[in-house]
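Below are the chains, spelled out letter by letter.
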Amino acid sequence: MTATGPGAATGPGTATGPGTATGPGAASVTGLLGEIADVGRDARRGGYSRHGFSPVEGELRTWFAEQAQRRGLDVTTDRNGNQWAWWGRPGPDAVLTGSHLDSVPGGGAFDGPLGVAAALAAVDQLRAGGFTPRRPLALLVFTEEEGGRFGVPCLGSRLMSGSLGADAARRLTDRDGVTLAEAALDAGLDPARFGRDDAALAQVGCFVELHVEQGRLLDRLPGTPPVAVASSILAHGRWRFTLTGTGNHAGTTEVADRRDPMLPAAAAVLAARRALGGRPDARATVGRLEPTPGGTNVIASSVDFWLDARAPADAQVRAVVEEITEAAREAAAEEGCELTVRQESFGDTVLFDPGLRDRLAAELGGPGAPVPVLPTGAGHDAGILAARVPTAMLFVRNPTGISHAPAEHAEPADCEAGGRALATVLESLAGSPSAGSPS
């Protein structure tokens, strides 16, 4: 693995080209990841910043389309900007796999791209083995899964499934005030076509997403197995808190005359940690805070911060958010500031399709070597689609547990094991009469 320069990420290494072989004519997962290892590096944060509808994401989308076409797959883009690559003629009851290519600011090399690279490598492996799908099979790359630019995660799958309205999506803005509609136009898409896509959903028999594990559950199991099957996703959401005070001079404004919104913001950040004291399965994080105007010698006139909250059940998430909100409200009143809170996204607890889950575990396990079935606290497009179609997930071992950061890592051998596992699953599902059935 190579990483050079101050902005280097922990990545899969240098590009080795499409001919990197794991079999006749087959590309390796790490070789494919290596081809995009220099795209979207973030010299300031480290890692990668690959945001939806940006030129960097456009370069990655072009790379995927070229890779798919090189394999004879027919590439289309749906009304919400998601890319489809079909092996054979599109049709109903299709078996789908894939993930996303965008990242959080300063993210790692594996979150999203690993699932896309594994899907391409799985096609190669199946072809090398002489497999021909009996049912339609497609690779799917979702748009803006991380919400790193417009604040709403799983944007492409939310629009497609109808869980996010098109008008609300078009009005979303990034930090520079660019709307999603404007960014989509710049990327060559028509935002007027955004919205629930029943025609696309009607084609889906099941969706299987492979992803690097975002935690260390696999690494802590006996034998450190390289691959697991997902059981569920925690309920989770994002809330925007806006605290408004009075902007003023940092050196001349006496304490008694201050209405400083940074103080209640700090109180809320501390409250987020305290709220977890009696809730070991819950999560609450403030990862983004923006004062206005943002000068070193200026008391802020307002502060915006974003709370990410997660827990095994909807009610638990709401209780955590309410506790933090109340602490922010009390601190704001004490400082003479005003508070507004707005929910930007929310997803209930997701239980993946039990029949599909058990089928994947049976396909990948063996006598004396069951495949682990694990929950996750991270959201995914598979979780959004689960309300509409049977979905499942595979996890590849993460030896450090670090994700959404430059140090995110998966061992090359584990990446290849993930690609082989995905190929096994796709062969079973696309080679049988009913993708969603458990047997």
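All of these numbers come straight from a predicted model, not from anything done at the bench.

Calculation rules
- Residues numbered from 1 in each chain as written.
- Predicted model: local features only at pLDDT ≥ 70, side-chain atom pairs only at ≥ 80, totals over all residues.
- Heavy atoms only, no water.
- Helix = DSSP H or I, 4+ residues; strand = E, 2+ residues; numbered from the N terminus.
- Rg over C-alpha atoms; globule rule 2.2 N^0.38 Å.
- Buried < 20%, exposed > 50% of the residue type's maximum accessible area, 1.4 Å probe, protein only.
- Contact = heavy atoms within 4.5 Å.
- Areas by Shrake-Rupley, 256 points an atom, 1.4 Å probe, with all protein chains shown as cover.
- Core = buried A, V, L, I, M, F, W, Y, C linked by side-chain atoms within 4.5 Å.
- Polar contact = N/O pair within 3.5 Å; in protein donor to acceptor, adjacent residues only side chain to side chain.
- Pairing = 2+ DSSP bridges.
- Axes fitted to C-alpha atoms, helices over the stretch in contact; angles between N-to-C directions.
- pLDDT = per-residue confidence, 0-100.
- Disulfide = S-S within 2.5 Å.

## Let's talk about the overall build of the chain
Thinking step 1. Summing up its helical and strand segments, the chain has 13 helices and 15 strands in all.
Thinking step 2. For 439 residues, the compact-globule estimate of 2.2 N^0.38 gives 22 Å, and the C-alpha radius of gyration of the chain, at 23 Å, lies within 12% of that figure.
Thinking step 3. Each of the 439 residues in the chain was classed as buried or not, and the buried ones make up 56%.
Thinking step 4. Long-range pairs, those at least 24 residues apart, make up 77% of the contacts in the chain with a sequence separation of at least 6.
Thinking step 5. Split by element, the accessible area of the chain, about 17,700 Å² in all, is 52% carbon and sulfur.

## A word on the nonpolar core
Across soluble globular proteins, you tend to see nonpolar side chains buried next to one another.
Thinking step 1. The biggest cluster of nonpolar side chains holds 56 residues, and the ones touching the most others in it are Phe-64, Leu-114, Leu-139, Leu-360, Leu-394 and Leu-422.
Thinking step 2. If you tally residues by element for this core, the top one is helix H3 (residues 113-128), at 10 residues.
Thinking step 3. Apart from the residues within four sequence positions on either side, Phe-64 is in contact with Gln-83, Ala-85, Leu-101, Val-116, Leu-120, Leu-139 and Val-141.
Thinking step 4. In terms of nonpolar packing, the next biggest core, distinct from the first, is built from 25 residues, Ala-265, Ala-275, Ala-284 and Cys-337 among them.

## Structural notes on helix H11 (residues 354-364)
Thinking step 1. For H11, the set of buried residues is Gly-355, Leu-356, Arg-359, Leu-360 and Ala-361.
Thinking step 2. Contacts made by the buried residues of H11 are with strand S5 (204-212), strand S6 (227-233), strand S14 (373-376), strand S15 (391-396) and helix H13 (412-430).
Thinking step 3. Measuring from the side-chain oxygen of the N-cap residue of H11 to the backbone nitrogen of Gly-355 gives 3.3 Å; that N-cap residue is Asp-353.

## As for the sheet that holds strand S12 (residues 338-347)
Thinking step 1. The strand order across the open sheet built from 4 strands is S9-S11-S7-S12, with neighbouring strands paired in antiparallel fashion. Looking along the sheet, the strands with just one partner apiece sit at the ends: strand S9 (283-292) and S12. Shown here is a sheet whose adjacent strand axes are inclined to one another by a mean of 15°, direction ignored.
Thinking step 2. Sheet topology places strand S7 (residues 235-244) next to strand S11 (residues 302-311); 10 bridges connect them, and they run antiparallel. In the strand pairing of S11, Trp-239 is matched with Leu-307.

## Concerning the side chain of His-409
Thinking step 1. Looking at the secondary structure, you find His-409 in the loop between S15 and H13.
Thinking step 2. Looking at His-409, the relative accessible area reads 10%, which means it is buried.
Thinking step 3. Side-chain polar atoms of His-409 contact the side chain of Glu-411, separated by 3.2 Å.

## Notes on the side chain of Ser-428
Thinking step 1. Mapped onto the fold, Ser-428 is located in helix H13.
Thinking step 2. For Ser-428, a relative accessible area of 14% translates into the label buried.
Thinking step 3. Apart from the residues lying within four places of it in its own chain, the contact partners of Ser-428 are Arg-359 and Glu-363.

## Some words on the confidence of the model for the chain
Thinking step 1. Averaged over all residues, the pLDDT of the chain equals 91, while 93% of them reach at least 70.
Thinking step 2. Predicted confidence for residues 1-9 stays below pLDDT 50, and this span has 20 contacts to residues more than four positions away or in other chains.
Thinking step 3. Predicted confidence for residues 13-24 stays below pLDDT 50, and this span has 25 contacts to residues more than four positions away or in other chains.

## So, the environment of Ile-384
Thinking step 1. For Ile-384, the position within the fold is in helix H12 (residues 381-385).
Thinking step 2. Among the residues examined, Ile-384 registers a relative accessible area of 16% and is labelled buried.
Thinking step 3. Residues Ile-384 and Asp-308 lie 76 residues apart in sequence; the distance between their C-alpha atoms is 17 Å.

## Details of the state of the cysteines
Where two cysteines share a covalent bond between their sulfur atoms, that bond is called a disulfide.
Thinking step 1. This model, assessed by the stated rule, comprises 0 disulfides.
Thinking step 2. With no disulfide of its own, Cys-154 has Cys-206 as its nearest cysteine by sulfur position, at a separation of 18 Å.
Thinking step 3. With relative accessibility at 3%, the residue Cys-154 sits in the buried group.

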